[in-house]
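Structural characterization, general
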Amino acid sequence: MSDNDDFEVESQESGAKDYEFVQTSTLKKGSYIIIKDQPCKVDSISTSKPGKHGSAKCAIVAKNIFNGSRHDEISQAHATVKCPKVTRAIYTLMNIDDDHLDLMHENGSTRCDIRVPANELGDKIREGFDEGAQLAITILSSMGTEEAIETKEIE
């Protein structure tokens, strides 16, 4: 290679994973788990006793944290499963513009990339905003997906 060759980087990733590995037997109700590439919250977990020729198994029932769909998984108790990294942030609603929420974080940063939910929560947000109420919106983030999951009026 000569000194005149240009080297161009088109994309770059931080290398950070959206999940971590956890032993199945350490999960409990309320833990997060990835089932079928979906971030879920454990509703119930039951562990069977080890049999004559096998190890203990855990039967996990979980709900998707964004849409509430139910997922089941059976895993050996000593096996590792993926647990998503889930973050929750509270923003103040500034405006609603073309079905997107204009939000401001307590540190002063703003964002307008979250869509108004197309459900009862979305109706509650629009109704409160139209009435002139100051609203706090909770945004849940996991595995590249971010959604508004809760709202409450700020006094």
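Residues numbered from 1 in each chain as written. Predicted model: local features only at pLDDT ≥ 70, side-chain atom pairs only at ≥ 80, totals over all residues. Heavy atoms only, no water.

Of the pockets and cavities examined, the largest pocket occupies roughly 220 Å³. Forming the walls of the largest pocket are 13 residues, and the residues nearest its centre are Phe66, Pro117, Asn119, Glu147 and Ala148. For the lining of the largest pocket, the leading source of residues is strand E11 (residues 145-153), giving four residues. Tallied by class, the residues present in the lining of the largest pocket amount to nine nonpolar, one polar and three charged. (1 Å grid on protein atoms, 1.4 Å probe; cavity = no way out; pocket = protein on both sides within 12 Å on 5 of 7 lines; lining within 4 Å. Points joined across faces, edges and corners; volume = space filled by probe spheres on them. Helix = DSSP H or I, 4+ residues; strand = E, 2+ residues; numbered from the N terminus. Nonpolar A, V, L, I, M, F, W, Y, C, P; charged D, E, K, R; others polar.)

Summing up the model confidence of the protein, the mean pLDDT is 88 and the portion of residues at 70 or higher is 90%. Contacts of residues 11-15 to residues separated by more than four positions or lying in other chains number zero contacts, the stretch itself having pLDDT below 50. (pLDDT = per-residue confidence, 0-100. Contact = heavy atoms within 4.5 Å.)

Before going further, it helps to spend a moment on a negative patch on the surface. Side chains of Glu120, Asp123, Glu127, Asp130, Glu131, Glu153 and Glu155 sit close together on the surface and give a patch of like negative charge. The biggest single contributor to the negative patch is helix H1 (residues 120-130), with four residues. (Patch = residues over 30% accessible without salt bridge, like charges linked within 9 Å, V, L, I, M, F, W, Y side chains within 5 Å. Areas by Shrake-Rupley, 256 points an atom, 1.4 Å probe, with all protein chains shown as cover. Salt bridge = Lys/Arg side-chain N within 4 Å of Asp/Glu carboxyl O. Lys, Arg positive; Asp, Glu negative; His and termini not counted. Charge placed at Lys NZ, Arg CZ, Asp CG, Glu CD.)

Tracing the backbone shows Arg111 in strand E9 (residues 110-115). A relative accessible area of 18% means that Arg111 is categorised as buried. Side-chain polar atoms of Arg111 contact the side chain of Glu146, separated by 2.5 Å. Those residues within four positions of Arg111 in sequence are excluded, and the remaining contacts are Tyr91, Leu101, Asp102, Leu103 and Glu146. (Buried < 20%, exposed > 50% of the residue type's maximum accessible area, 1.4 Å probe, protein only. Polar contact = N/O pair within 3.5 Å; in protein donor to acceptor, adjacent residues only side chain to side chain.)

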